[in-house]
Amino acid sequence: TYYVAATVQERIAAALEKADAPPQSLNFRLVLLLAGDDPSPDPDLPEGEKKALADLKQFLPYAGYRLIDAGWIRSSERARLRLGDGPSFEMDLRFTRGGDESGGPDIRVERFELAKLRPFSGPGGIPRFSPRDLLSSSFSMTIGETVVVGTSKLNGSKEALVVLLTAEE
């Protein structure tokens, strides 16, 4: 019985140590592409993003894809990122970690929202920005994977915004 008690104590100590550790943080890369009818060379992207774009091209009817912007952010549970020359796009991301031994997804993105920020004058002429939601989603992904979060038509035009997200340790 002493052996069982020592094993139980070791398990409890390991569980407490794991629970007492700060949350692990991840790097996320957000890439915004503009899909349109004008043929263009593919943007210069890392391999995982190139593969995601190649897969996307198989079912979207666009002739070309241009890089609008890209950015990295490091976070442990929630990430906010503004992209653009001046504030133009804002991402809000909430996620949890939790892969299992069976090889399930490492990350559960509980909330992904992308908004385009429109400038307007606030009180006293102070510039403010009003968000216009473009995309909202939830999904699972693994570390190192690039996910096509979605596409969004832009103001009724033939162009669409394509959103890619990659997670890395």
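Heads up: the structure comes first, above all this text.
Predicted, not measured: the structure shown is a model, and the values here were computed from it.

Our next topic: the overall build of the chain. Counting secondary structure elements, the chain contains 2 helices and 8 strands. Walking the chain from its N terminus toward its C terminus, one meets helices and strands in the order α-β-α-β-β-β-β-β-β-β. Across the 169 residues in the chain, those meeting the buried criterion constitute 35%. Long-range pairs, those at least 24 residues apart, make up 55% of the contacts in the chain between residues at least 6 apart in sequence.

Core analysis: the largest hydrophobic core is formed by 27 residues, its most contacted members being Leu30, Met91, Leu93, Phe112, Leu114, Val163 and Leu165. Residue assignment for this core shows that the elements contributing at least two residues are strand E1 (26-36), strand E3 (78-83), strand E4 (89-97), strand E5 (107-121), strand E6 (127-141), strand E7 (146-153) and strand E8 (160-168). Looking at this core element by element, the count peaks at 5 residues for E1. When neighbours within four sequence positions are excluded, Leu114 is seen to be in contact with Leu30, Leu32, Phe89, Glu90, Met91, Arg132, Asp133, Leu134, Leu135, Leu161 and Val163. Leu33, Leu45, Leu53 and Leu60 belong to the second largest nonpolar core, which has 13 residues in total.

Among the structural elements, Thr146 can be located in strand E7. If near-sequence neighbours (up to four positions away) are discounted, Thr146 is found in contact with Gly48, Glu49, Ala52, Leu164, Leu165 and Thr166.

Take the sheet that holds E1 next. Judged by pairing direction, the sheet is antiparallel, and its 4 strands sit side by side in the order E2-E1-E8-E7 without closing on themselves. Two strands bound the open sheet, and with one partner strand each, they are strand E2 (64-75) and E7. If you compare each strand with its neighbour and ignore which way they point, the axes differ by 20 degrees on average. Inspection of the sheet shows E1 paired to E2 by 11 bridges, in the antiparallel sense. Note that in E2 the partner of Leu32 across the bridge is Asp69.

Definitions and limits used
Residues numbered from 1 in each chain as written. Predicted model: local features only at pLDDT ≥ 70, side-chain atom pairs only at ≥ 80, totals over all residues. Heavy atoms only, no water. Helix = DSSP H or I, 4+ residues; strand = E, 2+ residues; numbered from the N terminus. Buried < 20%, exposed > 50% of the residue type's maximum accessible area, 1.4 Å probe, protein only. Contact = heavy atoms within 4.5 Å. Core = buried A, V, L, I, M, F, W, Y, C linked by side-chain atoms within 4.5 Å. Pairing = 2+ DSSP bridges. Axes fitted to C-alpha atoms, helices over the stretch in contact; angles between N-to-C directions.

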